Amino acid sequence: MIHRVSLLSLFSAAKQADERVRRFSALQMVIGFMGLILIVYGYYASTKLFDIESAGNLFINMIIILATTIGGTFLVFRFSVAFIMNTIRLKKKGHLSIQDVLALTPIMHRMKSNAKSLTLITVLTGVSLGVTTLSYIAYYSSEASAYSQVPGDFILLEEQGHSFLEKLEENNIAYDKIDYRLQGVTASVGQLMSKKQQDNPLYTMEGTIYTISLSDYQQSVPEAKLSGNEVILTNYGGYMAEMFPLEKDHDLVVSAGELEETFHVVDVHDKSVISGIVTAGGGGPIFVVTDDMFKSLTTQAALYPWHHQTTITLKSNEDIAAAEKLYIQSNAGIIMAVDDKGKTQQYTQSSYEGKRKDNIESLGLTIFTTAFLGLAFLMTTGSILYFKQMSEAEEERGSYTILRKIGFAEKDIMKGIYMKQAFNFGVPLVIGLLHSYFAVKSGWFLFGTELTAPLWIAMCCYIALYTIFAILSVGYYKKVVRESL
């Protein structure tokens, strides 16, 4: 349907004959209700799109969601809206006010005849708003994303970068320092997944997960407490936590060389404490264990490349620029480490500010492109609705002349026009906002860590621009009504 309707054809509303509604059959009512059911199903399916159970049929599920949502939208405009308006009119038993004549009846007839164009406008609104919101989520989350990779102003690994600390002291730059001892273990975090997720390949996939001692963790989380084989899983966030949520109160078998232990996870935290280099990406899990357990695990320290991290946090933000220069000059971000095969590897550890700027720079072009396209689509859909209302106003000029001649005041006529414009602009906007909300909600975590604020900001912008078009449309109607006498 969308393929067959060009945007330019939607502007020629005045040349398209309106369909006259005689009466509604039971079949039409059922089809209209099916449209609502299809939309609701599409919304529900979108909330399950990235569930582990449906991960293998992702593309098929996306096609089904698009088909049901777009198809349901068309049926709603084609049958449901006109049926609801007709029901309201029938309940009045012929006692229609001037506002009803100018609002309900035109809405009922024109909504049905313009179903395809309104569906396309709604889908374009939803798509453009969804794309704009997702790109803004990535931009808005650039700081949180940087912090998950660099959980401090500066990170020093493997006790390297002491020259940087000396330069900070020489330049009287005050800072706080937290030292973390690291010890790797081999485990599968799939053991912490719920039972319904245990068919996922991750359940049996083993990897290296690092542990830190409770005493080190208490430097940033003083209230943390553990005993025996109890552990806290922390540092786990981002899209991994959304797609593969881990549960507490589970036992987890880990190994380090010939040593094997059973951890009991008592809590799951999302607080970032360890560099993304150590966790192989931001949001990777870290186990907090008791000091006795940590001491036992360190007997196998030679099997894993990372053993120490120092987190530097400046006491004054005014010192960030100067500290950045010192960090680069001292090459503190160049880390040399020996892997499990005995080979020396070089890693580059960015500062938090450097990582944040990199994120923003990498997203700059994306933000501009999506914002431009979103605005272009919004202006297109708003203009289509506006020019349609202009055409309808000219068609109804004669009716307004008659109403004015028989004694109806301008304000009486305008009340009905206000209702009609609120409906004509409001319904496509509301349905488009719902489409974009559920589309964004289904996979926003792949783009960033913040949903609410970017979503509301983008939606408010779209609502404001649609309101401007509605006000312009009302202004044109007011001009026509005044000139009709």
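Residues numbered from 1 in each chain as written. Predicted model: local features only at pLDDT ≥ 70, side-chain atom pairs only at ≥ 80, totals over all residues. Heavy atoms only, no water.

A. Quick peek at the overall build of the protein. Helix and strand content of the protein: 14 helices and 11 strands. Across the 485 residues of the protein, 47% fall into the buried class. In the protein, once contacts between residues fewer than 6 apart in sequence are set aside, the share between residues at least 24 apart is 83%. Carbon and sulfur atoms provide 59% of the accessible area of the protein, an area that totals close to 24,300 Å². (Helix = DSSP H or I, 4+ residues; strand = E, 2+ residues; numbered from the N terminus. Buried < 20%, exposed > 50% of the residue type's maximum accessible area, 1.4 Å probe, protein only. Contact = heavy atoms within 4.5 Å. Areas by Shrake-Rupley, 256 points an atom, 1.4 Å probe, with all protein chains shown as cover.)

B. Region of the structure containing the sheet that holds strand β2 (residues 175-181). Here we have 3 strands laid out as an open sheet, ordered β1-β9-β2, and antiparallel in their pairing. Only two strands of the sheet have a single partner each, and these edge strands are β1 (154-157) and β2. In this sheet, adjacent strand axes meet at a mean angle of 20° when their direction is disregarded. The pairing of β2 with strand β9 (residues 308-314) spans 7 bridges and is classified as antiparallel. Within β9, the position partnered with K177 by the bridge is I312. The strands touched by helix α6 (residues 162-170) are β1, β2 and β9; relative to β2, the strand with the most contacts, the crossing angle is about 160°. On the sheet, helix α10 (residues 320-329) packs against β1 and β9 and is oriented at approximately 25° with respect to β1. (Pairing = 2+ DSSP bridges. Axes fitted to C-alpha atoms, helices over the stretch in contact; angles between N-to-C directions.)

C. Looking closely at the state of the cysteines. Going through the model one piece at a time under the given rule, you end up with 0 disulfides. You can see C460 has no disulfide; the closest cysteine sulfur is in C461, sitting 7.1 Å from it. In this structure C461 comes out as partly exposed when scored by relative accessible area, which is 43%. (Disulfide = S-S within 2.5 Å.)

D. Focus on the environment of K355. Mapped onto the elements of the fold, K355 is located in helix α11 (residues 352-395). For K355, a relative accessible area of 26% gives the class partly exposed. Considered as a pair, K355 and S145 are 210 residues apart in the sequence and their alpha carbons are 8.8 Å apart.

E. Quick look at the nonpolar core. I212, Y217, F263, I274, F287, W306 and Y400 are the most contacted members of the largest nonpolar core, which totals 90 residues. Ranked by the residues each element gives to this core, the list is headed by helix α14 (residues 452-483), at 12 residues. When residues no more than four places from it in sequence are discounted, the contact partners of I274 are S148, P151, Y180, L182, I212, N235, T279, I286 and Q309. Membership of the second largest hydrophobic core comes to 14 residues, among which are L156, L165, L168 and A323. (Core = buried A, V, L, I, M, F, W, Y, C linked by side-chain atoms within 4.5 Å.)

F. Expanded view of helix α13 (residues 410-443). The end-to-end C-alpha separation of α13 is 49 Å, in line with the 50 Å expected for 34 residues at 1.5 Å each. The sharpest bend along α13 comes to roughly 30°, located at G426, with the proline P428 sitting one to four residues further on. (Expected span 1.5 Å × (residues − 1). Bend = angle between axes of the 7 residues up to and from the residue.)

G. Summary view of helix α12 (residues 397-405). Those residues of α12 that fall on the buried side of the exposure criterion are Y400, T401, L403 and R404. The buried residues of α12 all sit within an arc of 165° when viewed along its axis, so they share a single face. Residues of α12 that are exposed and point over 90 degrees away from its buried face: I402 and K405. Residue G407 follows α12 closely and has a positive phi angle near 115°. (Arc of directions from axis to C-beta.)

H. Geometry of the packing of helix α4 (residues 115-140) against α11. Closest axis-to-axis distance for the α4/α11 pair is 9 Å, and the angle between their directions is 160°. Put simply, α4 runs roughly antiparallel to α11. Our pair here, α4 against α11, has a crossing hand that is left-handed. Where α4 approaches α11, its residues S117, L118, I121, L124, T125, S128, V131, T132, S135, Y136, A138 and Y139 are matched on the opposing element by I360, L363, T366, I367, T370, G374, F377, T381, I384, L385 and K388. When grouped by side-chain class, the residues that make up the contact of α4 with α11 number 13 nonpolar, 9 polar and 1 charged. (Parallel < 35°, antiparallel > 145°, perpendicular 65-115°, else oblique. Left-handed = near helix turned anticlockwise from the far one by under 90°. Nonpolar A, V, L, I, M, F, W, Y, C, P; charged D, E, K, R; others polar.)

I. Up close: the pairing of strand β3 (residues 183-187). With 4 of its 5 residues buried, β3 lies for the most part within the structure. Relative to strand β4 (residues 207-213), β3 runs antiparallel, the two being bridged by 5 bridges. Looking at β4, one finds that T186 is bridged to T208.

J. Representation of a nonpolar patch on the surface within the structure. A cluster of nonpolar side chains, Y41, Y44, F59, I60, I63, I64 and L66, forms an exposed patch at the surface whose accessible area comes to about 740 Å². Elements represented by at least two residues in the nonpolar patch include exactly α1 (26-47) and α2 (58-91). Top contributing element to the nonpolar patch by residue count: α2, with 5 residues. Summarising the element assignment, F59 is placed in helix α2. On the basis of relative accessibility, which here comes to 62%, the residue F59 falls in the exposed class. (Patch = residues over 30% accessible without salt bridge, like charges linked within 9 Å, V, L, I, M, F, W, Y side chains within 5 Å. Salt bridge = Lys/Arg side-chain N within 4 Å of Asp/Glu carboxyl O.)

K. Representation of the confidence of the model for the protein. For the protein, per-residue confidence averages 83 on the pLDDT scale, and residues scoring 70 or more make up 87% of the total. Across residues 13-21, confidence stays below pLDDT 50; counting only partners more than four residues off in sequence or on other chains, it has 16 contacts. (pLDDT = per-residue confidence, 0-100.)

L. Local environment of the pattern of salt bridges. Throughout the structure, instances matching the rule amount to 8 salt bridges. With a closest N to O distance of 3.8 Å, K315 and D176 form a salt bridge. With K315 in the loop between β9 and α10 and D176 in strand β2, the pair connects residues that are 139 residues apart, well separated along the chain. Residue D176 is classed as partly exposed on the basis of its relative accessible area of 41%. Of the charged contacts, one joins R356 and E353 as a salt bridge, the two residues approaching to 2.6 Å between their closest N and O atoms. Residue R356 and its partner E353 are located together in helix α11, separated by 3 residues, close to a single helical turn. Each of the two residues, R356 as well as E353, counts as buried. Through salt bridges with shared partners, one network takes in E392, E396 and K420.

M. View of the packing of aromatic side chains. Under the definition given, this model contains 15 aromatic pairs. Measuring from centroid to centroid gives 5.2 Å for F164 and Y327, while their planes differ by 80°, and the two rings are edge-to-face. Taken together, the positions of F164 in helix α6 and Y327 in helix α10 put the pair 163 residues apart, joining distant regions of the chain. Across the pair, Y327 and F164 agree in class, each one buried. Taking 6.4 Å as the distance between ring centres and 65° as the angle between the ring planes, the aromatic pair formed by Y400 and Y477 counts as edge-to-face. Taken as a pair, Y400 in helix α12 and Y477 in helix α14 lie far apart in primary sequence, 77 residues in all. (Phe/Tyr/Trp six-rings, centres within 6.5 Å; stacked < 30°, edge-to-face > 60°.)

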